[in-house]
Amino acid sequence: RIISALTQDITGNGYLDAIKIIFNKEVFIPGNSPLGNTSVSYKYGREEIGFEITGIVPVNNTNNTEYYLKLTENKKYNVPQTDWRTTLNLNMANQDVARVENYQCKDGAGPVIWKIVKEEFDIYDRTKDIVTVTLSEDFNYKDGSDFLSKAPVPKDVFNVWLNSDN
């Protein structure tokens, strides 16, 4: 039985590319296992967005309780997906794996830098430039408070350096 399923952005580009499935006991799933009616989807606005599943592989070679359900990145809307909580339907022809319907995946994909815009105001004084960093999702401290509510100083969050080639 599944005890957890987490969205993943292994490539770190803001698009979901796997679901990490954690079982309550070791299961054996051969790499070429037929995935049957297994599906991963997300409701975006009024549309149900489906992800193509390319296979299932163990997370590592020492533990058969964790597997990656590999997905083809769906870039149809060109929006970040790291905060999406997809729906998993698992229906494999494998006696070790129980059928699962409409399982709500947890958010396991961390935020990434989605876009950076630099505005130059004085070519002789780069300290007047403004750099706007857009993250793929809002995120909070462990206590649940909004990250920006405590007004962090940008230098405490990002490293910025001057490229001397320009």
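Before reading on, note that the structure itself is shown above.
Since the structure is predicted, the reported quantities are computational estimates derived from the model, not experimental observations.

A. Main features of the pattern of salt bridges. This model, assessed by the stated rule, comprises 8 salt bridges. For the salt bridge of Glu101 with Arg99, the shortest nitrogen-to-oxygen distance reads 2.9 Å. You'll find Glu101 and Arg99 in the same group, each marked exposed. Notably, a salt bridge pairs Glu120 with Lys118, separated by 3.3 Å at the nearest N-O pair. The exposure class of Glu120 is partly exposed, given its relative accessible area of 49%. One salt-bridge network, held together by shared partners, links Lys118, Glu120, Arg126 and Asp129.

B. The arrangement of the sheet that holds strand β3 (residues 39-44) in detail. With antiparallel pairing, 4 strands are arranged side by side in an open sheet as β4-β3-β7-β8. Of all the strands in the sheet, the pair left with one neighbour each is β4 (47-51) and β8 (100-104). Put simply, the sheet's adjacent strands are angled 25° from each other on average, direction ignored. Across 5 bridges, the pairing between β3 and β4 is antiparallel. Within β4, the residue paired with Ser41 across the bridge is Gly50.

C. Expanded view of the environment of Phe28. Secondary-structure assignment places Phe28 in the loop between β2 (18-23) and β3. Taking the C-alpha atoms as reference, Phe28 lies 8.6 Å from Thr65; in sequence the two are 37 residues apart. Setting aside residues up to four positions removed in sequence, Phe28 forms contacts with Tyr67, Asn94 and Asp96.

Parameters and conventions
Within every chain, residues take consecutive numbers counted from 1 along the sequence as written. Under the rules for a predicted model, residues below a pLDDT of 70 receive no local features and side-chain atom pairs below 80 are neither given nor counted, while totals for whole chains, interfaces and linings still include all residues. Side-chain measures here rest on the full set of heavy atoms in the structure, leaving out hydrogens and waters. A carboxyl oxygen of Asp or Glu within 4 Å of a side-chain nitrogen of Lys or Arg is what we treat as a salt bridge. Per-residue accessibility, obtained with a 1.4 Å probe over protein chains only, is compared with the maximum for each type, and a residue is labelled buried under 20%, exposed over 50%, and partly exposed between these values. For two strands to count as paired, DSSP must find a minimum of two bridges between them. Numbering goes from the N terminus for both helices and strands, where a helix is a DSSP run of H or I of at least four residues and a strand is a run of E of at least two. The axes are straight lines fitted to the C-alpha atoms, using for helices just the contacting stretch, and the angles between their N-to-C directions are given from 0 to 180°. Here, residues are in contact when the closest pair of their heavy atoms is within 4.5 Å.

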